[in-house]
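Structural features, examined
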Protein chains: 2
Amino acid sequence: MTRVFDQPEDFAATALAGFCAAYADRVAPVPHGALRAVPGAAGKVALVVGGGSGHYPAFLGYVGAGLADAAVAGDVFASPSTSAVASVARAADCGGGVILGFGNYAGDVLNFGAAAQRLRAEGIDTRILAVTDDVASADRSETEKRRGVAGDLLVFKIAGAAAEAGMDLDAVEAVARRANANTRSFGVAFDGCTLPGQGAPLFTVDPGHIGVGLGIHGEPGIRSEKMVPAADLARMLFEPLMAERPEGHDGRVAVVLNGLGCTKYEELFVLWHHLTGLCQQAGLQLIQPEVGEFVTSLDMAGCSLSVMWLDDELEALWRAPADSPAFRKGVLTPAPAGAPVRRVTAEAPQAQIAKGSAASQQSAACLSLILDRVAEALADAEEELGRIDAQAGDGDHGQGMARGSSAAAAEARRLAQAGAGAGTVLSMAGDAWADRAGGTSGALWGVALRAWGQHLTDQTAPDADMVATGAQAAYDAVVALGGAAPGDKTLIDAFAPFVARLREGVSAGADLPTAWTAAAQSATEAAQATAELLPKLGRARPLAERSLGHPDAGAVSLALCARVVGAELSRG
Amino acid sequence: MTRVFDQPEDFAATALAGFCAAYADRVAPVPHGALRAVPGAAGKVALVVGGGSGHYPAFLGYVGAGLADAAVAGDVFASPSTSAVASVARAADCGGGVILGFGNYAGDVLNFGAAAQRLRAEGIDTRILAVTDDVASADRSETEKRRGVAGDLLVFKIAGAAAEAGMDLDAVEAVARRANANTRSFGVAFDGCTLPGQGAPLFTVDPGHIGVGLGIHGEPGIRSEKMVPAADLARMLFEPLMAERPEGHDGRVAVVLNGLGCTKYEELFVLWHHLTGLCQQAGLQLIQPEVGEFVTSLDMAGCSLSVMWLDDELEALWRAPADSPAFRKGVLTPAPAGAPVRRVTAEAPQAQIAKGSAASQQSAACLSLILDRVAEALADAEEELGRIDAQAGDGDHGQGMARGSSAAAAEARRLAQAGAGAGTVLSMAGDAWADRAGGTSGALWGVALRAWGQHLTDQTAPDADMVATGAQAAYDAVVALGGAAPGDKTLIDAFAPFVARLREGVSAGADLPTAWTAAAQSATEAAQATAELLPKLGRARPLAERSLGHPDAGAVSLALCARVVGAELSRG
């Protein structure tokens, strides 16, 4: 289990600070991530990688010449926020455009995608590169739904080498996509992992068994099997990859045998001994294979095997030198003595606060109190929501909601005290929520509160009709960003009936507390009903099946918030 | 726990093979270890490091330019045999003499020491370098008794850089000893580790607690404490090292924060964040610190902090480039293309087998049967002996005895079938035992059987007097090599009364079965009595205390063997 931390919620940030201190000669700290201490050449394409923390050396350990220009670190197992990705990428840009590389998880797709839009709007040409190497996570007919695991290293190495070689953005994107298309991984787990501060593991594997195809956040695999000798384990990892060997390929491969955290290097070497035999029998030519820890999963026990089917260009880029804290290849010329070492510290400047009318300031104060209650309720529910989420995902939902809501409440308090109106308070509370929570839910709650706030003015006290209209706007924003529809087993399933019922009650002339309470009731019933649904969003079948009979955590927390707010409103 | 293996007893050898395959471009396999693929310059001092397996990257991962010329890998947590150390060193010798570097553990001291003697006898000037950095393992007034932990890396780095710089053997030895004298480590454990194939951990730490000062084989520490936040943990590691800061030192230090296996890099970075603050407050100047896994302990959870107090020469050698699979510093010029890559495979040639007389051949056949019985009994007792040994050491005694005796039995069978006499069979069975068992007991049983065998001729059937005389010779050889005296809680305590009683019975005219059975009885009683003794051999106090009330595993297994042989002799 994870034992070394101070406050669990500070784990990722403190680890980032410690990493930057340990490699002060190689990387420069930047809010939410790290840059190369010595910037890439002007006009070079910048490769910015990232995702949740807990996977070191992914992603910070990849920052260095020939590999990534920067890495963004989210909280543990949670995607970094859109603004975090954007600000790190902004600092890493060398003028040649940006490639955002990440594993194919809903939260990362959402936040890196939104960051790319934001950067393009600012005039920085940005492409996204979602790695989809895990053959266990979806059928080969749906490779776009596959998760990204240790193939990250192979794909990022190609992109980084291409960028270092001076290829332009289109060319780097093209070769990186080909690398991803040629990369396959298959993993097994022997034991679960524990989030900092949690007493129980996020998931477990039956003692003496193997979770075959299990994902790096504990997403369930294909089957559970009794533990087997190393020779058989090697075959178990090898065969699913060979099953997708490209037609008539000459057999040149880059191979990565990856340990997940608690599986020892010596165990990996035992496995490698058997794998070299299998590769030989299969007529593969191993090009500079790697055995070690490259994408881990906290203290999870297990390993994965990745292959990239090479062509001449991919082989040359794979062989090219690289020099990062966690990955080195070949020999590089050292940075010229006294080369500029970056020290980036500036956060984005605070926006000016517009004063609200007296009435709106009073509403803002109430809003701040309501957000305090919501934050309290979500803090209490954190573990329970995590358990529910673990049935369908990586179990970080409770943590994300607790972090986001407390950040939103704090921001609302600050703004209300500074005299802001209700509209400003709610909008900016939404931004604070998204930035602190990260992950999928953080991004969705951020746009929801921002949209909602824009329908409450800073001039008058919001009335029931404004609130109902704002709710509809918030719902529309969530659908637009998340791309989910009712029935996909997301918070949408609770949000839709809530909005409809609220509008219905308000139109029928009910006062806000009454209409809201009824709407919250509908949301609660709908959330419970999600137990019978299967999730969508590029998830593997077994994962979906595990969640059957369990409600969606996002829907449950939305209903919880609705009830808390209703109770507060009724109290007047 | 350790999960990836085939037959547990093959774990270390298979891991070695896999390591050599994974780094085929950097290292060359050699029996029981690995050499640099590209040999050092002619006349260069060769640094050969080693110890038990299970500590990767110690020791194989250190083989490379600027660091070690070769590494010897024993079985898991067991010293390599004397002949393994000697043969690897022989292959690594560049003509400038050899430094044998290892951690200060009884088995390693014994086998590396004996190997050094053997090499010097062959004309290879050889020095031994026992690392003694663990401040928790003995008082500062007895630093020579301290264990070697992650300080290995610091001391070996200095020795390796000095050798690479072309310093001669005396100079390399001198600076390496100064490095060891200036190096201190302190470690903590959060959870135990499990030997391959074992269902239960070798030792445990109370859940939610810290084993403060606990050793890398589970040797007990100073105290057990409740788990504390990372900031306090940093102080816990830091303060014992500062307590031994040299008078008026300027504060330049090389620092290594080492993870023991299951403690994650991100956890180490969290700790490092706090440690940098403490170093600053203490006025230390950190010279190229290292954070990561350098000396592990299978799947043990925990970490250690090491400092080397630098002077100008030590700083220059610490900063010097190094390039090994697990440790790189600075930038090295690549090996010239097509540089000679060594492929070492030859085992020592089989000795010619001298035929024995018909009578002696018959005795040899009996001897072979007796050794079969002994091997069976030790295989049955393996786990029990491991449990007893774990009270005072690393729990590998049962495994070593089982491995050694079965190797001895197999060798005896081979020789008896080839027509060798009893003397040759017993002597060479001893060599086989030592080579396969490794560790302390392996070396001692090896010299014992060899000495004993030299008193049985290949001409006549051995009589009771020859056997009793051989027993005395065996005892003398064990005392000479092991340096232990009766009362030190070693196998000597059972061996001494056995030899005395056997001689007594034989002199009184008893037949061999009768005299031997009585002697075995004395050995058994003496072995039980060792429960009241405290072990010697450079062990830390808490370790000694833990073993009180438990008999010595070596004495117990000697008595067991004596009884088995006695029963066989009585059966006729």
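Residues numbered from 1 in each chain as written. Chains lettered and ligands numbered in written order. Predicted model: local features only at pLDDT ≥ 70, side-chain atom pairs only at ≥ 80, totals over all residues. Heavy atoms only, no water.

A closer look at the sheet that holds strand β4 (residues 70–76) of chain B
All names here are of chain B. Reading across from one edge, β1-β2-β4-β3-β5-β6 is the order of the 6 strands in this open sheet, with mixed pairing throughout. The sheet terminates laterally at β1 (27–30) and β6 (126–131), the two strands that pair on one side only. Neighbour-to-neighbour, the strand axes of this sheet turn through a mean angle of 20 degrees, independent of strand direction. The sheet contact formed by β1 and strand β2 (residues 33–36) spans 4 bridges and is antiparallel. Its bridge partner being in β2, Pro29 is matched across the sheet by Ala34. (Pairing = 2+ DSSP bridges. Helix = DSSP H or I, 4+ residues; strand = E, 2+ residues; numbered from the N terminus. Axes fitted to C-alpha atoms, helices over the stretch in contact; angles between N-to-C directions.)

Section: the interface of chain A and chain B
Counting from both sides, the interface comprises 52 residues of chain A and, opposite them, 52 residues of chain B. In total, about 4200 Å² of surface goes out of reach between chain A and chain B, with carbon and sulfur atoms giving 64% of it. Counting the surface chain A buries against chain B, the share from its top three residues, Arg3(A), Val4(A) and Phe269(A), is 17%. For the pair chain A and chain B, the interface holds 2 salt bridges. Between Asp191(A) and Arg3(B) there is a salt bridge, with its nearest N and O atoms 3.6 Å apart. At the boundary of chain A and chain B, one finds 22 residue pairs in polar contact (both at pLDDT 80 or more). For the side of chain A that touches chain B, the secondary-structure elements that each account for two or more residues are α1 (11–22), β7 (183–191), α6 (230–242), α7 (265–281) and β15 (328–329) of chain A. (Contact = heavy atoms within 4.5 Å. Buried area = accessible area lost by both parts, 1.4 Å probe. Salt bridge = Lys/Arg side-chain N within 4 Å of Asp/Glu carboxyl O. Polar contact = N/O pair within 3.5 Å; in protein donor to acceptor, adjacent residues only side chain to side chain.)

Quick word on the side chain of Glu290(B)
All names here are of chain B. Its location among the elements puts Glu290 in strand β12 (residues 290–292). With a relative accessible area of 15%, Glu290 lands in the buried category. Excluding residues that lie within four positions of it along the chain, Glu290 makes contacts with Val255, Val256, Leu257, Trp318, Phe327 and Lys329. (Buried < 20%, exposed > 50% of the residue type's maximum accessible area, 1.4 Å probe, protein only.)

Things to note about the sheet that holds strand β2 (residues 33–36) of chain A
Residue and element names in this part refer to chain A. With mixed pairing, the 6 strands of this open sheet are ordered in space as β1-β2-β4-β3-β5-β6. Each edge of the open sheet is held by one strand with a lone partner, namely β1 (27–30) and β6 (126–131). The sheet shows a mean angle of 20 degrees between the axes of neighbouring strands, direction not considered. Where strand β5 (residues 98–103) meets β6, 6 bridges bridge the pair, whose relative direction is parallel. Bridged to Gly103 within β6 is Val131.

Topic: the nonpolar core
Core analysis: the biggest nonpolar cluster contains 215 residues, and Tyr62(A), Leu271(A) and Tyr62(B) have the highest contact counts within it. With sequence-adjacent residues up to four places away left out, Tyr62(A) is seen in contact with Pro57(A), Leu67(A), Ala68(A), Leu153(A), Phe156(A), Phe294(A), Val295(A) and Ser324(A). Counting 65 residues, the second largest nonpolar core, distinct from the first, contains Leu415(B), Met428(B), Ala429(B) and Ala468(B). (Core = buried A, V, L, I, M, F, W, Y, C linked by side-chain atoms within 4.5 Å.)

Quick look at the UniProt feature "domain: DhaK" (unreviewed entry) in chain A
Look at the UniProt record and you will see "domain: DhaK" (unreviewed entry) annotated at residues 7–327 of chain A. In this annotation, residues 7–327 of chain A is assigned 32% helix and 24% strand; the end-to-end C-alpha distance for the span is 30 Å. (UniProt positions renumbered as here; feature names shortened; annotations may be inferred.)

Here we look at the side chain of Arg184(A)
All names here are of chain A. Its location among the elements puts Arg184 in strand β7. Here Arg184 falls in the buried class, since its relative accessible area comes to 13%. Here Ala181 takes part through its backbone oxygen, which lies 2.9 Å from a polar atom of the side chain of Arg184. Here the side chain of Arg184 touches Glu244 through a polar contact of 2.5 Å, side chain to side chain. Once you skip the residues sitting within four places of it in the chain, Arg184 turns out to touch Asp133, Val135, Arg146, Leu241, Glu244, Leu305, Ser306 and Val307.

Some words on helix α13 (residues 464–482) of chain B
All names here are of chain B. Between its first and last C-alpha atoms α13 spans 27 Å; for 19 residues at 1.5 Å apiece the expected length is 27 Å, and the two agree. Looking at α13, one finds that the buried residues are Ala464, Met466, Val467, Ala468, Gly470, Ala471, Ala473, Ala474, Tyr475 and Val478. Considering only its buried residues, α13 is in contact with α12 (439–453), α14 (492–507) and α15 (512–529). Here α13 starts with a cap whose side-chain oxygen sits 3.1 Å from the backbone nitrogen of Asp465, and that cap is Asp463. In the stretch just after α13, Gly483 is the one whose phi turns positive, near 70 degrees. (Expected span 1.5 Å × (residues − 1).)

Overview of unusual backbone geometry
A cis geometry characterises the amide bond from Tyr56(A) onward to Pro57(A), with omega recorded as 10 degrees. One can find Pro57(A) in the loop between β3 (46–53) and β4 (70–76).

Things to note about the relation of the copies chain A and chain B
Overlaying chain A on chain B yields an RMSD of 0.2 Å, the required transformation being a rotation through 180 degrees with an accompanying axial translation of 0.1 Å. With respect to symmetry, the two chain copies, as superposed, fit the operation of a two-fold axis. Distance from the rotation axis, computed per C-alpha, reaches its smallest value in chain A at Cys262(A): 2.4 Å. Taken as a fraction of all interface residues of chain A, those also at the interface in chain B reach 100%, which identifies the copy contact as same-surface. (Least-squares fit on C-alpha atoms with pLDDT ≥ 70 in both.)

A look at the domain arrangement of chain A
Think of interface size as the accessible area that goes away when the parts come together; that is how it is often given. Split into domains, chain A comes out as domain 1 (1–131), domain 2 (180–194 + 204–318) and domain 3 (358–570). Taken over C-alpha atoms, the centre of domain 2 of chain A sits 40 Å from the centre of domain 3 of chain A. (Domains from an automatic or database assignment.)

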